[in-house]
Amino acid sequence: MADPKSYIIESLDTGLRLMRLFLTHDTLSVTGAARELEVARSTAHRVLSTLESRGFATRDASGRGYSAGPELVTLGRPAGYGPEIRARLQVVLDAAATTTGETISTAALIGDQVIITDGRESPHPVRTVLESGRAHPAHATSAGKVLLAQLTTEQVCALYPEERLTGVTGHTLISRTALLAELAGVRTLGRADSLGESVPGMNAVAVPLAGNSWRDRLALMASMPADRGGEPELARHAVALKKAAGLLPQPPS
């Protein structure tokens, strides 16, 4: 049997190796990519430009660095589904559910969608239903906005190439400009709210939970009927969520 290496297409191999670098680097410069791959700078530039044209990389505002593009983010396995992280999250979910009394969810970002990975349902007779495994438009949810706020502006624009966004309810943000402005506020506050933007009559607040890169970030969200989720309640729940998030055990070394 012929050696599989004899059939390698060098340019494709370089592109695949460069894509793998995004698993360990949030941003890459042309010079850095060339050094990591041990190829000429011109080769790294051509490969990065090709990946950018196909949505697997996106260029930052300076034009000198590249980040994982929406196609690559979409291919990544959702954070929060591995048995190890799920086990570590239980203490966080229990604490958040106890202190807020509302439905608690963890969520991961996949492209421009946010997917619910785990949670606890509120004991209140009137409550938000836990929807594990269900995806929602990220720009319409508090968890989605928390996760989008951890991306660069260029990555957000790559996920939302058009100015007009889909309106889920009458309260959903429907312009990319408005979304970018709100994400700037989320970065400052360390929390995001959703006031009937995903489901009419449902409010939610979310905070960052885990992860240092797009590959493993999670958000922690509390959802409730709007009559129990005014500004004072959302602010109080945000504090409780941040305290619960602080209980997340460190991964085993």
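Whatever comes next refers back to the structure up there.
Residues numbered from 1 in each chain as written. Predicted model: local features only at pLDDT ≥ 70, side-chain atom pairs only at ≥ 80, totals over all residues. Heavy atoms only, no water.

So what exactly am I meant to see when it comes to the pairing of strand β3 (residues 65–68) here?
For a regular strand, side-chain orientation follows a simple rule: the groups alternate between the two sheet faces. Of the strand pairs in this sheet, strand β1 (residues 27–29) and β3 are connected by 3 bridges, and their pairing is antiparallel. Paired with Ser-29 across the bridge in β3 is Gly-65. (Pairing = 2+ DSSP bridges. Helix = DSSP H or I, 4+ residues; strand = E, 2+ residues; numbered from the N terminus.)

Sorry if this is basic, but what is going on with helix α8 (residues 176–189) here?
For α8, which comprises 14 residues, the first-to-last C-alpha distance of 20 Å matches the rise-based estimate of 20 Å (1.5 Å per residue) to within 8%. When α8 is considered as a whole, its buried residues turn out to be Arg-176, Leu-179, Leu-183 and Val-186. For α8, the buried positions fall inside an angular range of 65° around the axis, keeping them on one side. Opposite the buried face of α8, at more than 90 degrees from it, the exposed residues are Thr-177, Ala-181, Thr-188 and Leu-189. Check the buried side of α8 and you find it contacts α6 (142–148), α7 (153–159) and β7 (192–195). Looking one or two places after α8, you find Gly-190, whose phi comes out positive at around 75°. (Expected span 1.5 Å × (residues − 1). Buried < 20%, exposed > 50% of the residue type's maximum accessible area, 1.4 Å probe, protein only. Arc of directions from axis to C-beta. Contact = heavy atoms within 4.5 Å.)

Honestly, the nonpolar core in this entry has me stumped. Any pointers?
For soluble globular proteins, nonpolar side chains are generally found buried alongside one another. Membership of the largest hydrophobic core comes to 25 residues, with the highest contact counts inside it found for Ile-104, Leu-209, Leu-220 and Leu-241. Of all elements in the fold, only α5 (83–100), β4 (103–110), β8 (202–210), β9 (218–225) and α9 (231–245) reach the threshold of two or more residues within this core. Tallying contributions element by element places α5 first for this core, with 7 residues. The residues contacting Leu-241, other than those within four sequence positions of it, are Ala-96, Ile-104, Val-205, Ala-206, Val-207, Leu-220, Met-221 and Ala-222. (Core = buried A, V, L, I, M, F, W, Y, C linked by side-chain atoms within 4.5 Å.)

How should I be thinking about unusual backbone geometry in this particular structure?
Trans peptide bonds make up the majority, and among non-glycine residues the majority have a negative phi. Even without being a glycine, Glu-38 presents a positive backbone phi close to 60°. Topologically, Glu-38 is positioned in the loop between α2 (30–37) and α3 (41–53). Under the relative-accessibility criterion, Glu-38 is labelled exposed at 72%.

Can you walk me through the sheet that holds strand β2 (residues 57–59) in this structure?
In a beta sheet, neighbouring strands pair by backbone hydrogen bonds and run either parallel or antiparallel. The strand order across the open sheet built from 3 strands is β1-β3-β2, with neighbouring strands paired in antiparallel fashion. Of all strands in the sheet, those bounded by a partner on one side alone are β1 and β2. Between one strand axis and the next, the sheet turns by 35° as a mean value, whatever way the strands run. As defined by bridge partners, β2 adjoins β3 across 3 bridges and the pair is classed as antiparallel. Residue Thr-58 lies in a different strand from β3, and its bridge partner there is Ser-67. Each of β1 and β3 is contacted by α2, which is oriented at about 90° to β1, the strand it contacts most. (Axes fitted to C-alpha atoms, helices over the stretch in contact; angles between N-to-C directions.)

When you look at the environment of Thr-128 in this model, what are you seeing that I'm missing?
The topology assignment puts Thr-128 in the loop between β5 (113–120) and β6 (135–137). By relative accessible area, Thr-128 is classed as buried at 12%. With 81 residues separating them in the primary sequence, Thr-128 and Val-47 have C-alpha atoms 47 Å apart. Discounting chain neighbours no more than four positions away, the residues touching Thr-128 are Thr-103, Glu-121, Met-202, Ser-223, Met-224 and Pro-225. Within polar-contact distance, the side chain of Thr-128 engages the backbone nitrogen of Met-224 at 3.3 Å. (Polar contact = N/O pair within 3.5 Å; in protein donor to acceptor, adjacent residues only side chain to side chain.)

Any chance you could explain the pattern of salt bridges here in plain terms?
Two side chains that carry opposite charge are able to pair once their charged atoms sit near each other. Per the counting criterion, the structure on display carries 12 salt bridges. The residue Asp-118 makes a salt bridge to Arg-86 at a minimum N-O spacing of 3.6 Å. Separated by 32 residues along the polypeptide, Asp-118 in strand β5 and Arg-86 in helix α5 bring together distant segments of the chain. (Salt bridge = Lys/Arg side-chain N within 4 Å of Asp/Glu carboxyl O.)

All quantities given are derived from atomic positions and should not be read as evidence of function.
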